[in-house]
Amino acid sequence: MTFFLQNLVNAMQWGSFYALIALGYSMVYSILMLFNFAHGDIFMVGAYIGFGVATGLTALASAGALALPNWLILVLTIIISMFLTSFVGMIVERVGYRPLREAPRASAAITGLMIGIILETGNLALLGARRVSFPSLIKSTTYNLGGVYITNKKIMIVGVSLTLMLGLHLFVRRTKWGMAMRAMAFDFVVVPLMGVSINAIAAMTFAIGSALACAAGILFGIAYPVLDPYMGIVFGWKAFVAAILGGRGSIFGACLAGFMLGFIEIFVVMIFPSTLRDFIAYSIILLILAIRPHGFFGEPYSARLRL
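My aim in this report is to walk through the structure given alongside it, one point at a time. (Residues numbered from 1 in each chain as written. Predicted model: local features only at pLDDT ≥ 70, side-chain atom pairs only at ≥ 80, totals over all residues. Heavy atoms only, no water.)

1. A look at the pairing of strand β2 (residues 142-145)
Alignment of β2 against strand β3 (residues 148-151), held across four bridges, turns out to be antiparallel. Bridge pairing links N144 to Y149 in β3. Here β2 hands over to β3 after two residues, with G146 in that stretch at a positive phi of 65°. (Pairing = 2+ DSSP bridges. Helix = DSSP H or I, 4+ residues; strand = E, 2+ residues; numbered from the N terminus.)

What follows is the structure, encoded as structure tokens:
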């Protein structure tokens with residue numbers, strides 16, 4: 001039982017990354033009926049932006065220019081990096097997707113893949129191919145709860161992830177902008193005729209999704225402090241699978257499926273060799289989709305945003 005609970009804690013942390021990234025896929029599809037295949041690389045860009053911000057703030061604090069504790073540096077790193085990465089998402093939408101809004105969906109999908117390659121290559125050109133180590137802003141402390149070892153970093157990662165998910169839910173449900181997003185998700189053809197700008201809503205959706213992906217990248221850097229330019233590929237595709245499993249356009253489904261994918265991957269390794277992790281995990285997901293082709297909360301022929 002102790003071994004099970006220990007892996008459950010690890011799965012919660014791992015699933016947090018997938019869930020935050022999957023939200024971006026789900027929101028963009030719910031509004032524009034397309035998948036942003038560059039989203040995984042935005043996760044990578046956000047992690048590197050967080051690395052740059054954290055490194056700069058730490059250097060200023062070490063030089064005495066800023067008298068800030070490490071926890072406050074971390075908070076500022078997350079806020080500033082999410083803000084900057086949101087602009088990356090808006091640029092991707094404006095340059096890459098807006099001109100193709102009336103084009104076939106295959107064109108938008110190929111464009112997303114090309115944008116991802118541009119982001120990866122740009123990272124390589126600026127920083128080189130070597131991996132970088134994310135600054136250690138929090139001293140790791142381990143708590144023994146009945147034989148289950150939980151670190152303060154895992155508690156923080158899961159807590160921040162759940163807070164961001166709840167914040168997104170409240171934003172979409174209780175603000176006028178969120179109401180406009182839900183209306184656009186319901187019918188993105190008719191709603192603009194009522195005076196709602198699809199360009200503004202699309203840009204905001206990309207900005208929010210990119211900010212959440214950035215948060216996932218920073219949290220990943222805290223848990224596994226090694227970043228590389230291609231880290232977004234695997235995480236991006238797995239989060240895409242989570243968005244499909246949750247039901248296209250469903251925010252709650254994306255969160256649930258992201259955590260579920262993390263659970264499956266962690267618990268598969270408990271029983272089988274780690275080399276079979278992806279094979280077994282995706283076989284289970286394929287079986288689920290064979291039973292529920294539209295995912296947990298998806299609907300046939302609908303892009304409705306359900307919360």
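2. What to know about the packing of aromatic side chains
Within the structure shown, the criterion is met by 24 aromatic pairs. On the numbers, 5.5 Å between centres and 35° between planes, the contact of Y97 with F206 is tilted. Of the two residues, Y97 is situated in helix α3 (residues 70-97) and F206 in helix α7 (residues 198-223); the sequence distance between them amounts to 109 residues. With respect to burial, Y97 and F206 carry one shared label: buried. One aromatic cluster in this structure is built from W14, F17, Y18, F43, F220, Y224 and F235. (Phe/Tyr/Trp six-rings, centres within 6.5 Å; stacked < 30°, edge-to-face > 60°. Buried < 20%, exposed > 50% of the residue type's maximum accessible area, 1.4 Å probe, protein only.)

3. Notes on the side chain of S210
Mapped onto the elements of the fold, S210 is located in helix α7. Not counting the four nearest positions on each side in its chain, S210 is found in contact with H39, I42, T85, S86 and G89. (Contact = heavy atoms within 4.5 Å.)

4. Remarks on helix α1 (residues 2-32)
In this model α1 runs 45 Å from its N-terminal to its C-terminal C-alpha over 31 residues, within 8% of the 45 Å that 1.5 Å per residue would give. Burial within α1 is extensive, with 24 of its 31 residues counted as buried. Following α1 by one or two positions, M33 adopts a phi angle in the positive range, close to 60°. (Expected span 1.5 Å × (residues − 1).)

5. Details of the nonpolar core
Core analysis: the largest hydrophobic core is formed by 91 residues, its most contacted members being L23 and L227. With 16 residues, the single largest contributor to this core is α7. The contacts of L227, once residues within four sequence positions are left out, are A47, Y48, F51, R131, V132, F134, F220 and G221. (Core = buried A, V, L, I, M, F, W, Y, C linked by side-chain atoms within 4.5 Å.)

6. Here we look at the side chain of D228
Topologically, D228 is positioned in the loop between β4 (226-227) and α8 (231-246). Notably, D228 is buried but unbridged: the nearest opposite-charge side chain belongs to R131, and the N-O separation is 4.1 Å. Within the structure, the side chain of D228 is placed 3.1 Å from the backbone nitrogen of M231, a separation counted as a polar contact. For D228, the residues in contact, after removing those within four places along its chain, are M44, Y48 and R131. (Lys, Arg positive; Asp, Glu negative; His and termini not counted. Salt bridge = Lys/Arg side-chain N within 4 Å of Asp/Glu carboxyl O. Polar contact = N/O pair within 3.5 Å; in protein donor to acceptor, adjacent residues only side chain to side chain.)

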